[in-house]
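Residue strings, one per chain:
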Amino acid sequence: MKPQRLAMVIDLHRCVGCSACDIACKTENNVPADMHWSNHIIETSGTFPKVHHRYIPTLCNHCENAPCVKACPTKAMHKAPNGLTLHNTDDCIGCKACQLACPYGAIFFNERTPHQEYQDKEPLIQGCTASGSELTDKTRKPIPYYNKERANTYDGVRPKGVVEKCTLCDHRLAQGLEPWCVASCPASARTVGDINDPDSEVSQLLEKYPPKVLNPEKGTLPHVFYIREF
Amino acid sequence: MRFTRREFIQYGSASGLILSNNHGPLMKALEAASLNPTPSEDWRATTCQGCTTWCSVQVQIQDGRAIKLRGNPHCKGNHGVICPRPHLALQQVYDPDRIKTPMKRTNPKKGRDEDPKFVPISWDEAMGLLADKMMELRKQGETHKFGLFRGRYTYMRDLIYSCLPKVFGSPNGISHSAICAEAEKFGAFFTEGFWGYRDYDLSSTKYFLGWGADPLASNRQVPHAISVWGDLMDRATVSVIDPRLSITAAKADEWLPIIPGEDGALAVAMAHHICVKGLWSREFVGDFNEGINQFIAGKQVPEASFNERHSYGIAKWWNLELKDKTPQWAAERTGIPVEQIIRVAEGFAKAAPHSISWVSPGTAMQVRGGYSAMAAHALNGLVGSVDHRGGTVQSTKIPINATPSYKAYQDEQAKTNSKKKKIDQRGTLEFPALKKGKSGGGVVTNRAADAILAEDPYDMKVVVSYWSNFAFSCSETKRWEDALTKLPFFVHITTHAAEMSHFADLVLPAAHHLFEKLGFIKSKQNLHGYVSLNEPVMESLWDVRMDESEIPWMLAEKLADRGFDNLLRYYKESFPDLESGNEPRNGREFTENALKYYTQPLWDSTHEKYGKYGDTPKGWEEFKTLGVWNTKGYEYGKHIDHFKTETKKFEFYSETLKKSLGKHAKKHSVTIDEVLQATKYQAQGELAFVPHYEEPFRWGDTAHYPFIFFEHRSRLNREGRSANCTWYHAHKDSDPGDENWDDVLKMNGVDAHRLGLKTGDLVSISSPTGKMLANLKIWAGVRPGTVSKCYGQGHWAYGNLAAKDFKNRLPKGGNNNDILPADYDRLSGSTARHGGVTRVNIIKV
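This brings us to the overall build of chain B. Assigned secondary structure in chain B consists of 26 helices and 33 strands. Its C-alpha atoms give chain B a radius of gyration of 27 Å, near enough to 28 Å, the size a compact globule of 845 residues would have. If one aligns the C-alpha atoms of chain B with their principal axes, the spans along those axes are about 90 × 75 × 65 Å. Looking at chain B residue by residue over its 845 residues, the buried ones come to 68%. Sequence-distant contacts, at least 24 apart, represent 71% of the contacts inside chain B between residues at least 6 apart. Within the structure as shown, chain B displays about 27,200 Å² of accessible surface, and the carbon and sulfur contribution to it stands at 49%. In chain B, 108 side chains carry a positive charge and 99 a negative one; their mean positions are 0 Å apart.

If you want it as structure tokens, here you go:
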């Protein structure tokens, strides 16, 4: 029995480019607004009226041959037995070697303490409107919609001076739940599972449709596979 | 690059897989999970009103805080899925710029450039101030000079929108419907007898023909459409008519990049071609007596030669309009190649009756757009897809109790004054607003500003407006700024200090409709109607009140204190607790009693209508937990020959419209032809009763305003209220052609290069109506000669993020309504924001 190797399959035919995945991920993982653990590539091409437009959802590829892991001097960035590329803020020194090494732009660095908008003290209208800091005071959380379940396996909010990236919702996988981007996709375009299990849905999809990966020439062996066309 | 599965496994085993000795967070989590089983998640049902799909959703609560959203799996409409909008709502309810407490204006001067100098006051004081103003009207016999303006509502709306004004003594409940989609409903009503949004059998259809329809992004049925679209595209042909490459068009088989406003030409030409090729539905429409097709271009057809079945007037329609409207003629006007018009018309007809011609506001909300909507919807009748599997359908029945009569609570002044003319000019010669066929049956929202300014029919003195922002959302915004400046006393019920609030005397913080409010909506998608409850799922952080129930209750109490207790008596006596019979003692009890009363047939097994039309929840508590009630599935065909038209048939020659126009003409002692002239249509004579081509009406001449401007919606717009959310800006490029943290004017590269413009240039966009600024974006998805910008940004108030500078009232991005003229599809009363209603000039700043 082969060890579990997690992978994601994204069906571009089903995907409509709504970016619900990108936003939902932020609500699950308390991600700052300008960091896109779930992200996308957009391309418009052609000349009017023969114009093409496509949206390709992206995320950390949880590469088999992860350049970020190779580059990390402290092993803060590391591979898990199930194939996920995970990060440990305790050992992270914020050198950003991983971010430089990643060809997919999947790693983000916290220059400042994140979620600054919830630390502002100045209300719009004195005595009448709220303020960021008033919200965090009342909710006693770094952001009012803070999801504490993220903190089961990773910092709930990552601090200034460290990187962060998609963990394929390892905290949810640990409970037998799908990553939140998968659960939130209204098109059912994303599937996660064990590609070492021939009966898994991901394996069956990969059997049925010829998959592609991003930048195969980089030799990273990504484990996010794309099937069909947008 | 393509892999076989075996190659994957090889990669897995052969590569230098780094195994970590550090067990890492995953192993820790597995250990932790086994030691401390995760408590079950707390998900609570409520409703999202980010667009008018109105989906049933659930919110996860942790420590009294809302943290995540998902679809409500119990709703058959959106069946557990949601689009991006509900997620964005977290940043609305937890917006740092939300109003916490009632605000009172201390600067008596009003205007765009005046600082209101708001101070916080108590609810008690605020409601007292409003009651004082209203009692002054009572004393002066001027209760009709009170207005209640409605924006985003639930079906608790009657409590504030009709009962309050009518018992007080005003006719002026003014809704926002005319800036929404009324012209679309016009099209369905005067053909099929159905004034409403249609539902569509997306799961069986073989042809989707979308008129400005972009269901993968916006209005309507967005989550359901997204969920089935992959399968739909495998089974059906998708053709999208849209001046820009929308996301639905990008994934479609055919994009018909129509010149804005020419939709009517395309629709009638398609109908012409379907007739000429003999592709109409014999089953639905009927056939020539001899079975030989006499629809020949340019030739009249004797009416008696056609034996019509479930439709009425096909020969008349051909003779009056269709016979000369060839695809070649349409190609010249629409910019669409004749081969494509033919191919799409034939494909649509051949897939029938499993074909959908989906009319959306883009095609309808134009000057003269009511006829475009009729023509585009009439295609369903022509191919027999009406009320048919795979086609377009109406509604399933939802049994709700009616609002109890308030008539007994109207004193003499109320009886008299509530019958006075409404201020929005509905039903006047120029504004028939023929909702459901009745002259003046529909609202003309945007005229309310003109009425206030002209004091015609009278001078409005006290207005309360809720979940609205007409100084942003109505075209030709300057008139609203002026009107609100002039209004002596204005109260805004809102979550944020928006543009409209800027002119207010009192601003009252509203409960957020997704997270903090009790109410209900009725909607439909996926062939099921449903009632979804709005429920307060979290602890409100601020001193907010429910707009439609708690606020009018407080007002009623204050009016009673001042000697007018009719409204309070009406509320108390009409909404007792259903079990105990006790009157409500406060606004919260009033709200709950009213909600239970309205929805009683759905959850109360002792009610005669319980269980007849759908789900059977076991009582109120179970209904609240589920959050939704579903109808039975749609049954096709029941409306055929029972349409609510004059003839009971699907009308190609609309006897229904003829009758309505006739009544309106008679009311004003003119002819129908004179009505059409007064309402800015070109048709005369019998042409007015059939779907026909009307030339687009545009403001601005081509010499001074060389580009046709058109606008579109965003998949992230929660109506106009998303712009203060960081997630809106950070994901804006999910709208094709748009950019994150920007509000771009999209122009074709051919035009940009000719003008020496490049992406990123700041440009001024001016129309005869006004000006706005935006950054230019060269994008191939718009036709040369046209430019487009999304609606939703350009706020100069609302919040720190939405506005560029809140204190100095500087907008971030551009509000399209600053440059759009206040023009109308007058037959429906709709605001004409589409169809390229204005031309613009573009100059680099």
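Before going further, it helps to spend a moment on a nonpolar patch on the surface. All names here are of chain B. Together, Leu762, Leu773 and Val845 make up an exposed nonpolar region whose accessible area comes to about 260 Å². When you line up the elements, Leu762 lands in strand E26 (residues 762-766). A relative accessible area of 35% means that Leu762 is categorised as partly exposed.

The tally for this structure, following the rule as stated, stands at 68 salt bridges over all chains. Residue B:Asp42 is joined to B:Arg44 by a salt bridge in which the shortest nitrogen-to-oxygen separation is 2.6 Å. When its relative accessible area of 34% is taken as the criterion, B:Arg44 is described as partly exposed. Put simply, B:Asp565 and B:Arg569 hold a salt bridge, and the shortest N to O gap is 3.2 Å. One salt-bridge network, held together by shared partners, links A:Lys141, A:Lys148, B:Asp63 and B:Arg65.

Let us now look at the confidence of the model for chain B. Residues and elements named next belong to chain B. For chain B, mean pLDDT is 95; residues scoring 70 or higher make up 95% of the total. Across residues 1-38, confidence stays below pLDDT 50; counting only partners more than four residues off in sequence or on other chains, it has 50 contacts. Listed scores for the predicted complex are pTM 0.95 and ipTM 0.98.

On the side of chain A, 86 residues touch chain B, which itself brings 88 residues to the contact. Among the salt bridges present, the one from A:Arg228 reaches B:Asp234, with a minimum N-O distance of 3.6 Å. At the level of elements, helix H1 (5-14), helix H2 (24-35), strand E3 (65-71), helix H3 (84-93), strand E5 (118-120), helix H7 (222-235), helix H8 (247-250) and helix H25 (726-730) of chain B are the ones that each hand at least two residues to the side of chain B that touches chain A. Of the residues belonging to the side of chain B that touches chain A, the class tally is 50 nonpolar, 20 polar and 18 charged.

With that out of the way, let us pick up the nonpolar core. Residues and elements named next belong to chain B. Membership of the largest hydrophobic core comes to 99 residues, with the highest contact counts inside it found for Leu130, Met134, Phe146, Leu164 and Phe515. When residues in this core are grouped by element, the largest group, eight residues, is from helix H4 (residues 123-139). Setting aside residues up to four positions removed in sequence, Met134 forms contacts with Phe146, Leu164, Phe168, Val462, Leu555 and Leu559.

The subject of this paragraph is unusual backbone geometry. Backbone geometry follows two general trends: most residues other than glycine have a negative phi, and most peptide bonds adopt the trans configuration. For the bond running from A:Phe48 to A:Pro49, omega is 0 degrees, close enough to zero to count as cis. Relative to the assigned elements, A:Pro49 resides in the loop between strand E2 (38-47) and strand E3 (50-59). The omega torsion across B:Ala352 and B:Pro353 is 5 degrees, close enough to zero to call that bond cis. Within the fold, B:Pro353 resides in the loop between helix H12 (338-351) and strand E15 (355-359). Positive phi outside glycine occurs at A:Ser19, with the angle close to 65 degrees. For A:Ser19, the position within the fold is in the loop between strand E1 (6-11) and helix H1 (20-29).

Attention now goes to the pairing of strand E8 (residues 190-194) of chain A. Residues and elements named next belong to chain A. Within E8, four of the five residues are buried, which leaves it mostly tucked inside the rest of the structure. Bridging between E1 and E8 involves five bridges; their strand directions are antiparallel. By the bridge assignment for E8, Ile10 is matched with Arg190.

The subject of this paragraph is the packing of helix H9 (residues 263-276) of chain B against H12(B). Residue and element names in this part refer to chain B. Look at H9 against H12: their axes get within 9 Å of each other, and the N-to-C directions meet at 65 degrees. For the element pair H9 and H12, the recorded crossing hand is right-handed. Within the contact between the two elements, H9 uses Leu266, Met270, His273 and Ile274 and H12 uses Ile341, Ile342, Val344, Ala345, Glu346, Phe348 and Ala349. Here the contact of H9 with H12 is composed, by residue class, of nine nonpolar, one polar and one charged.

Residue and element names in this part refer to chain B. For Gln60, the position within the fold is in strand E2 (residues 55-62). Taking C-alpha positions, Gln60 is 4.3 Å from Trp43, a pair spaced 17 residues apart along the chain. Setting aside residues up to four positions removed in sequence, Gln60 forms contacts with Glu41, Asp42, Trp43, Arg65, Ala66, Ile67 and Lys68.

Another point: the sheet that holds strand E9 (residues 224-227) of chain A. Residue and element names in this part refer to chain A. Pairing within the open sheet is mixed, and its three strands lie in the order E8-E1-E9. The open sheet terminates on both sides in strands that have one partner only, identified here as E8 and E9. Neighbouring strand axes in the sheet, compared pairwise and without regard to direction, differ in orientation by 25 degrees on average. One ladder, built from four bridges, connects E1 with E9; its direction is parallel. Looking at E9, one finds that Asp11 is bridged to Ile227.

Our focus in this paragraph is the sheet that holds strand E33 (residues 838-844) of chain B. Residue and element names in this part refer to chain B. The strand order around the closed barrel built from six strands is E24-E28-E25-E27-E26-E33, with neighbouring strands paired in mixed fashion. Averaged over all pairs of adjacent strands, the angle between their axes in this sheet comes to 45 degrees, without regard to strand direction. In this sheet, strand E28 (residues 786-790) lies alongside strand E25 (residues 744-747) in antiparallel orientation, the contact comprising two bridges. If you follow Met747 over to E28, its bridge partner there is Val787.

Quick look at the packing of aromatic side chains now. Remark: the centre distance and the inter-plane angle together describe each pair of aromatic rings, the angle taken between the planes. Tallied over the entire structure, the rule returns 55 aromatic pairs over all chains. Looking at B:Lys68, its charged tip hangs above the ring of A:Trp180, at a distance of 3.9 Å from the centre. One Lys or Arg, B:Arg150, reaches over the ring of B:Tyr153 and ends 4.2 Å from the middle of that ring.

Basis of the calculations
- Residues numbered from 1 in each chain as written.
- Chains lettered and ligands numbered in written order.
- Predicted model: local features only at pLDDT ≥ 70, side-chain atom pairs only at ≥ 80, totals over all residues.
- Heavy atoms only, no water.
- Helix = DSSP H or I, 4+ residues; strand = E, 2+ residues; numbered from the N terminus.
- Rg over C-alpha atoms; globule rule 2.2 N^0.38 Å.
- Buried < 20%, exposed > 50% of the residue type's maximum accessible area, 1.4 Å probe, protein only.
- Contact = heavy atoms within 4.5 Å.
- Areas by Shrake-Rupley, 256 points an atom, 1.4 Å probe, with all protein chains shown as cover.
- Lys, Arg positive; Asp, Glu negative; His and termini not counted.
- Charge placed at Lys NZ, Arg CZ, Asp CG, Glu CD.
- Patch = residues over 30% accessible without salt bridge, like charges linked within 9 Å, V, L, I, M, F, W, Y side chains within 5 Å.
- Salt bridge = Lys/Arg side-chain N within 4 Å of Asp/Glu carboxyl O.
- pLDDT = per-residue confidence, 0-100.
- Nonpolar A, V, L, I, M, F, W, Y, C, P; charged D, E, K, R; others polar.
- Core = buried A, V, L, I, M, F, W, Y, C linked by side-chain atoms within 4.5 Å.
- Pairing = 2+ DSSP bridges.
- Axes fitted to C-alpha atoms, helices over the stretch in contact; angles between N-to-C directions.
- Left-handed = near helix turned anticlockwise from the far one by under 90°.
- Phe/Tyr/Trp six-rings, centres within 6.5 Å; stacked < 30°, edge-to-face > 60°.
- Lys NZ or Arg CZ within 6 Å of the ring centre and 35° of its normal.

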